[in-house]
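Examining the three-dimensional arrangement
What follows is each chain in one-letter form.
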Amino acid sequence: MTLGAVAEPPVRRRGSDYAQLSRRISQAGLLERRPGWYVTRIVLTLGAFVAGWVAVFLLGDSWWQLPLAALMAVATTQVAFLGHDAGHRQMFRRRGPSELVGLLAGNAAVGLSYGWWVDKHNRHHANPNHEDEDPDVGAGALVWTPEQALETRGFGRWMAQRQAYFFFPMLLLEGLSLHVASIRAIVGREDGRYAVPMRHRAVEAALLVAHTAAYVALLLAVMSPVKALLFAVVHQALWGLYMGCAFAPNHKGMPMPTAEDELDFLRKQVLTSRNVRGSRLVDTTLGGLNYQIEHHLFPNMPRANLRRAQPIVRAYCVEQGIPYAETGLVESYRQALGHLHEVGRPLRG
């Protein structure tokens, strides 16, 4: 989708617009930390996560482990959301406590490199949906622009023609992809130096090894190898699916700025993001990412404040004549899949 398709009236560059909105948000107290809320959230989330693994241990060699693996995929994703919040310093202003929670939630509990994710995610926030700057829309298993589609060859071209149909099935491999990317980030080198900057590389490596060893040891200790393998497949596949479904509505199918588009920070973030309407259950299910516009404008805003910030941001966008995208969850997926299908059109003749 091109930027001009939604930017009506034409985008005007005003350096002070974001500062005015930021003052309104700050005056409402929405940038203040919420320690009580996060203590409760951490206790409940980690409590459910630990209880789930205790249940795995107690259930033993039973086929009921497979439904439990599905529940553990949900618990694992909720822990990953805590790592996301820590990475944005929504919990603590100081780096040290934020990194501690991030390392424990990411590397130790989930098996995902916190340092790699922070580096990648910060680049996404700096230039959302920018083909050359946002790593989330670089050409890979999926293509996001007609230009990327035309550059594909062989099986990649066949996939690009049909990628909308394969999107959700491919998410079943997202968990495996995240684990592999984490390992590559820790050990990968380019020109004699590590390719991904990381503050605590040795600690991250040790935690990933400990996570993997504990995961494999627990499964093999309480169930047969076949059941252990099936548990891992169900757990990792549904975790990847859940993660992908939580992130997919946010930017897919929204405008993709280029180097020619001169956008200020406010418009860069709002025009490329999409909110998902819903109740507090949706807030919990999507980890607050349903308020994607507010999150991109104020990444360090505590998750619990995003719902209160939304009407302020939406009203301000109306004042400034900036399109504010908000839709239901199902419609957000329809738009994302529609974009993927449209991208492959040049290949279908």
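What comes next is a walk through the structure. Everything numeric in this text was worked out from a predicted model, so none of it was measured.

**Quick look at the side chain of glutamine 292**
Mapped onto the secondary structure, glutamine 292 falls in helix H13 (residues 292-297). Here histidine 251 takes part through its side chain, which lies 3.0 Å from a polar atom of the side chain of glutamine 292.

**Thoughts on the pattern of salt bridges**
Enumeration according to the criterion identifies 13 salt bridges in this entry. A salt bridge links aspartate 136 to lysine 120; the shortest N-O distance between them is 2.5 Å. Of this pair, aspartate 136 sits in the loop between helix H5 (114-126) and helix H6 (146-150) while lysine 120 sits in helix H5, and the two are 16 residues apart along the sequence. Classification of aspartate 136 by relative accessible area gives partly exposed; the value is 24%. Put simply, Asp17, Asp264 and Arg267 are held in one network by salt bridges that share partners.

**A closer look at the environment of glutamate 99**
Note on placement: glutamate 99 falls in helix H4 (residues 95-110). Classification of glutamate 99 by relative accessible area gives buried; the value is 12%. Between the alpha carbons of glutamate 99 and alanine 86 there is a distance of 6.9 Å; along the sequence they are 13 residues apart. Residues in contact with glutamate 99, not counting those within four places in the same chain, are Tyr114, Arg199 and His200. Separated by 2.8 Å, the side chains of glutamate 99 and histidine 200 make a polar contact.

**Here's the deal with H5**
Two residues of an α-helix separated by three or four positions point the same way, owing to the 3.6 residues in each turn. For H5, spanning 13 residues, the distance from its first C-alpha to its last is 18 Å, which sits close to the expected 18 Å at 1.5 Å a residue. Where H5 is concerned, the buried positions are Tyr114, Gly115, Trp116, Trp117, Val118, His121, His124 and His125. Of the residues that open H5, the one with a side-chain oxygen 3.1 Å from the backbone nitrogen of tryptophan 116 is serine 113.

**Examining a nonpolar patch on the surface**
Nonpolar side chains collect at one region of the surface, where Val50, Val54, Phe57 and Leu58 lie side by side and expose about 410 Å² of accessible area between them. Following the sequence through the fold, valine 50 ends up in helix H2 (residues 35-59).

**Comments concerning the side chain of glutamine 236**
Counting through the fold element by element, glutamine 236 comes out in helix H10 (residues 225-251). Look at glutamine 236 and you get buried, because its relative accessible area is 18%. Of note is the side chain of glutamine 236, whose polar atom sits 2.7 Å from the side chain of histidine 179. Among residues more than four places away in sequence, those in contact with glutamine 236 are Leu172, Gly175, His179 and Tyr215.

**Digging into the nonpolar core**
Trp53, Val56, Trp116, Leu219 and Phe231 are the most contacted members of the largest nonpolar core, which totals 34 residues. If one sorts the elements of this core by residue count, helix H3 (residues 65-87) sits on top with 7 residues. Each residue touching tryptophan 53, except ones within four places of it in the same chain, is listed here: Met72, Tyr215, Leu218, Leu219, Phe231 and His235. By size, the runner-up hydrophobic cluster in this structure holds 19 residues, among which are Tyr291, Leu297, Tyr316 and Ile322.

What counts as what
Residues numbered from 1 in each chain as written. Predicted model: local features only at pLDDT ≥ 70, side-chain atom pairs only at ≥ 80, totals over all residues. Heavy atoms only, no water. Helix = DSSP H or I, 4+ residues; strand = E, 2+ residues; numbered from the N terminus. Polar contact = N/O pair within 3.5 Å; in protein donor to acceptor, adjacent residues only side chain to side chain. Salt bridge = Lys/Arg side-chain N within 4 Å of Asp/Glu carboxyl O. Buried < 20%, exposed > 50% of the residue type's maximum accessible area, 1.4 Å probe, protein only. Contact = heavy atoms within 4.5 Å. Expected span 1.5 Å × (residues − 1). Patch = residues over 30% accessible without salt bridge, like charges linked within 9 Å, V, L, I, M, F, W, Y side chains within 5 Å. Areas by Shrake-Rupley, 256 points an atom, 1.4 Å probe, with all protein chains shown as cover. Core = buried A, V, L, I, M, F, W, Y, C linked by side-chain atoms within 4.5 Å.

No statement about biological role is implied by the geometric values presented.
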